[in-house]
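Below are the chains, spelled out letter by letter.
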Amino acid sequence: MISDKAVISNQAKIGKNVTIYPFAYIEDDVVIGDDCVIYPYVSVMNGTRIGKGTRVFQNTVLGAEPQDFNYSGEATQLIIGEYNIIRENVVINRATHSDGQTVIGDKNFLMEGVHVSHDTKIGRMNVLGYGTKIAGDCEIGDRVIFSSGVIANPGARVGDAVMIQSGTRFSKDVPPFIVATDNPVRYGGVNTSILRNYGVDEKIIAHIANAYRLIFHGQTSVFDAVNQVVDQVPDGEQIRRIVNFVRATKLGIISKM
């Protein structure tokens, strides 16, 4: 069902079984996959690609021009994966330069009022709570939960299976499998509930807790603490992900305070 009251460029590519409600606005360089639903007053701007089965609710703007003084009008992209739910009043900016992309993976849930800025990369199966704001050039892993009113400042990274509690603001990296809380932001422990929900063995959870005990509560630098993790904590997929994430940080990681 495509309403004749929607404004849709004849150059836009619309898949099969797509529903577009009245007063939606869709520009030329847009691809919308099969089985998508576009509700009234949604704007889908040039450079946007939407995967199949995605639902976009009222007053959302996808592929908005980046709010970046370096943007010079280049043709840039926003790539959205499959089976996402994007609720009311969400704004997602496309990339600043033609060699970059803003990317939203599969099966994410973006609640009302979320803003995702230019060149940010978001994985899959994440929940971004009410009013969450993610600045440009951020990287968000998989199965992350942002509670309401979270602010991620430019360039920050968030590892997999992280919980960031309501109202938290952060400018440094948040390593995998933990809870981030308070202002100033601090380490709030291992995110045991989500790890158990995804079937991680209790022994592995204990190893993760030991790794973070060394990183956040050791009497040494983070660099040395990571070396201690490698030497002292039994190897495994989750431990390697922690080590690789922390070693790759450019902004530093959040503190234990």
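Structural notes, computed from the coordinates. Values in this document were obtained by computation on a predicted structure and should not be read as measured data. (Residues numbered from 1 in each chain as written. Predicted model: local features only at pLDDT ≥ 70, side-chain atom pairs only at ≥ 80, totals over all residues. Heavy atoms only, no water.)

Some points on the pattern of salt bridges
In step 1: Scanning all chains against the criterion turns up eight salt bridges.
In step 2: Here D160 and R241 are joined by a salt bridge, their closest N and O atoms 2.3 Å apart. A residue pair is termed long-range when its members are at least 10 positions apart, and D160 in the loop between strand 23 (157-158) and strand 24 (163-164) and R241 in helix 4 (residues 237-247) qualify at 81 residues.
In step 3: In this structure, D182 engages R186 in a salt bridge whose closest nitrogen and oxygen atoms are separated by 2.6 Å.
In step 4: Sharing partners across several salt bridges, the network here consists of D160, E237 and R241. (Salt bridge = Lys/Arg side-chain N within 4 Å of Asp/Glu carboxyl O. Helix = DSSP H or I, 4+ residues; strand = E, 2+ residues; numbered from the N terminus.)

Quick notes on helix 4
Since one α-helical turn is 3.6 residues long, residues separated by three or four positions face the same way.
In step 1: Among all positions of helix 4, only Q238, I239, I242, V243, F245 and V246 are buried. Looking straight down helix 4, one finds that the buried residues subtend no more than 165 degrees of arc, so they occupy a single side.
In step 2: The secondary structure elements touched by the buried residues of helix 4 are strand 23, helix 2 (202-217) and helix 3 (222-232). (Buried < 20%, exposed > 50% of the residue type's maximum accessible area, 1.4 Å probe, protein only. Arc of directions from axis to C-beta. Contact = heavy atoms within 4.5 Å.)

What to know about the side chain of T181
In step 1: In this structure, T181 sits in strand 26 (residues 178-181).
In step 2: For T181, a relative accessible area of 7% gives the class buried.
In step 3: One polar contact links T181 to D182, side chain to side chain, over a distance of 3.3 Å.
In step 4: In this view, T181 contacts Q165, T168, R186 and G188; residues no more than four positions away in its chain are not counted. (Polar contact = N/O pair within 3.5 Å; in protein donor to acceptor, adjacent residues only side chain to side chain.)

Some points on the packing of aromatic side chains
In step 1: Counted by the stated rule, this structure contains seven aromatic pairs.
In step 2: Seen in terms of ring centroids, Y39 and F57 are 4.5 Å apart; in terms of plane orientation they differ by 20 degrees. Their pairing is stacked. Linking Y39 in the loop between strand 6 (37-38) and strand 7 (43-44) with F57 in the loop between strand 9 (55-56) and strand 10 (61-64), this pair joins segments that are 18 residues apart in sequence.
In step 3: Where Y187 meets F216, the ring centres are 4.1 Å apart and the plane angle is 5 degrees; that geometry is what we call stacked. Taken as a pair, Y187 in strand 27 (residues 186-190) and F216 in helix 2 lie far apart in primary sequence, 29 residues in all.
In step 4: Using a relative accessible area of 4% as the deciding quantity, one classes F216 as buried.
In step 5: Of the aromatic side chains, those joined through ring pairs into one cluster are Y21, Y39 and F57.
In step 6: The lysine or arginine in question, R87, covers the ring of F57, its NZ or CZ lying 4.1 Å from the ring centre.
In step 7: The ring centre of Y198 lies 3.9 Å from the NZ or CZ of R143, which sits over that ring. (Phe/Tyr/Trp six-rings, centres within 6.5 Å; stacked < 30°, edge-to-face > 60°. Lys NZ or Arg CZ within 6 Å of the ring centre and 35° of its normal.)

Things to note about the nonpolar core
In step 1: Core analysis: the largest hydrophobic core is formed by 66 residues, its most contacted members being F146 and F170.
In step 2: Those residues in contact with F146 that sit more than four places away from it in its chain are V127, L128, G129, T132, I134, I140, V158, I164 and F170. (Core = buried A, V, L, I, M, F, W, Y, C linked by side-chain atoms within 4.5 Å.)

Concerning the sheet that holds strand 12 (residues 85-86)
In step 1: One open sheet holds the 10 strands; their spatial order is 3-6-9-12-15-18-21-24-26-27, and the pairing between them is mixed. For this open sheet the edge positions go to strand 3 (19-20) and strand 27, each flanked by a neighbour on one side alone.
In step 2: As defined by bridge partners, strand 3 adjoins strand 6 across two bridges and the pair is classed as parallel. Pairing of I20 across the sheet is with I38, part of strand 6.
In step 3: Lying on the sheet, helix 2 is in contact with strand 26 and strand 27; it crosses strand 27 at an angle near 160 degrees. (Pairing = 2+ DSSP bridges. Axes fitted to C-alpha atoms, helices over the stretch in contact; angles between N-to-C directions.)

Here's the deal with the packing of helix 3 against helix 4
In a pair of packed helices, the angle between the axes and the distance between the axes together describe the arrangement.
In step 1: Orientation of helix 3 relative to helix 4, taken along the N-to-C sense of each, is 160 degrees, at an axis distance of 10 Å. Taken together, the axes of helix 3 and helix 4 are roughly antiparallel relative to one another. The handedness of the crossing between helix 3 and helix 4 comes out as left-handed. Here V222, V226, N227, V229 and V230 of helix 3 lie close against helix 4, whose contacting residues are I239, V243, V246 and R247.
In step 2: The class makeup of the residues in the contact of helix 3 with helix 4 is seven nonpolar, one polar and one charged. (Parallel < 35°, antiparallel > 145°, perpendicular 65-115°, else oblique. Left-handed = near helix turned anticlockwise from the far one by under 90°. Nonpolar A, V, L, I, M, F, W, Y, C, P; charged D, E, K, R; others polar.)

With respect to the sheet that holds strand 25 (residues 169-170)
In step 1: What the nine strands build is an open sheet, ordered 1-4-7-10-13-16-19-22-25; its pairing is parallel. What marks the edges here is a single partner per strand, and that holds for strand 1 (7-8) and strand 25.
In step 2: For strand 7 and strand 10, the ladder comprises two bridges, and the chain directions are parallel. Its bridge partner lying in strand 10, V44 is registered against L62.

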